[in-house]
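Next come the chains, spelled out residue by residue.
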Amino acid sequence: LKDPRGLALALQNKMQGSSCYIDVHEQPLRAHLGPLSATLTAMWRSECVLLCVSNEYAASASCTAECELALKGSLRPVVLAVMEANSEDQDWLESKVGVLTSGCPRVKFGDVFTTQDLERKVDQLLQLIAHVTKEWNERLYKLDAVAYAMCSWVDCLLQGNISLKTVKTRLEQLRDKRELREALSPELLHTLSCCIAKESLDVGRDDGDGGGW
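Residues numbered from 1 in each chain as written. Predicted model: local features only at pLDDT ≥ 70, side-chain atom pairs only at ≥ 80, totals over all residues. Heavy atoms only, no water.

Right, let's get into the overall build of the protein. Of regular secondary structure, the protein possesses 10 helices and 3 strands. When the 213 residues of the protein are sorted by exposure, 38% land in the buried category. A separation of at least 24 residues holds for 70% of the contacts in the protein among residues at least 6 apart in sequence. Just so you have it, the protein exposes about 12,900 Å², and 54% of that area is on carbon and sulfur atoms. (Helix = DSSP H or I, 4+ residues; strand = E, 2+ residues; numbered from the N terminus. Buried < 20%, exposed > 50% of the residue type's maximum accessible area, 1.4 Å probe, protein only. Contact = heavy atoms within 4.5 Å. Areas by Shrake-Rupley, 256 points an atom, 1.4 Å probe, with all protein chains shown as cover.)

Dropping the structure here:
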């Protein structure tokens, strides 16, 4: 299987209550916004972004830009459908696309030759998409909760309603530091850093929480 449109059709036939399209289907949007803006808009409307990668895809400047857009701007999980048939002819792995997507889950479609092969691979791909999307949404929920809490802490700290010591204690209770970093916007992180750097914020303040924590 080499044609992404064939894969999109097979996915559409398998999915119930959901739609599957490739960016070339969005011609009115592309004409209005331009190719990359239209592609990004279509990604934002989706639950998951599927990239059909191949040597030809990786050699295309526009496809490489699309890949970067999916990984850096779509705010959606990215899954790969590898379309190259020859296991020894995988030049795309050494390309920018290959480097960017090295950590993305994938399903190989290059060895699909029959209808039965295609159905089996599509089932595998849909299961992978469901799993990745579920994990992504659970992670976002956790990050939203952390970010909301952090905003509240900084606001209370700036208003003098909570002590710096209490904020530091709560930060230490967040065990997953990676999630904490991802939840913080650069602006919020800068504000928090400034607050922690100003020792005067801790002088003369009670350690009370105001009853809300």
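When pLDDT is averaged along the protein, the result is 75, and 69% of the positions lie at 70 or above. Ranking the elements of the protein by mean pLDDT puts helix α2 (residues 27–33) last, at 48, and helix α6 (residues 96–100) first, at 95. In this model, residues 199–213 is a region of pLDDT below 50 whose contacts with residues beyond four sequence positions or in other chains number 21 contacts. (pLDDT = per-residue confidence, 0-100.)

The parallel open sheet is built from 3 strands, whose spatial order is β1-β2-β3. Edge positions in the open sheet fall to β1 (49–53) and β3 (106–108), since each of these has one partner strand only. With direction set aside, neighbouring strand axes in the sheet form an average angle of 20 degrees. Sheet contacts for helix α7 (residues 115–159): β1, β2 (78–82) and β3; angle to β3, the most-contacted strand, approximately 175 degrees. (Pairing = 2+ DSSP bridges. Axes fitted to C-alpha atoms, helices over the stretch in contact; angles between N-to-C directions.)

Within the secondary structure, Leu-164 is located in helix α8 (residues 164–173). The spatial distance from the C-alpha of Leu-164 to the C-alpha of Trp-153 is 9.5 Å, given a sequence separation of 11 residues.

This part takes up α7. Relative to the 66 Å expected for 45 residues at 1.5 Å per residue, α7 spans 65 Å between its end C-alpha atoms, a close match to the ideal helical length. The positive-phi residue at the C-terminal boundary of α7 is Gly-160, with phi of around 80 degrees. (Expected span 1.5 Å × (residues − 1).)

Before going further, it helps to examine the packing of helix α1 (residues 4–14) against α7. Between two packed helices, what matters for the description is the angle formed by their axes and the separation of those axes. With their axes 10 Å apart at the nearest point, α1 and α7 run at an angle of 70 degrees to one another. Classified by the interaxial angle, the pair formed by α1 and α7 is roughly perpendicular. Each of Leu-7, Ala-10, Leu-11 and Lys-14 in α1 lies in contact with α7, whose residues at this interface are Leu-118, Glu-119, Val-122, Asp-123, Leu-125 and Leu-126. Of the residues contributing to the contact of α1 with α7, the split by class is 7 nonpolar, no polar and 3 charged. (Parallel < 35°, antiparallel > 145°, perpendicular 65-115°, else oblique. Nonpolar A, V, L, I, M, F, W, Y, C, P; charged D, E, K, R; others polar.)

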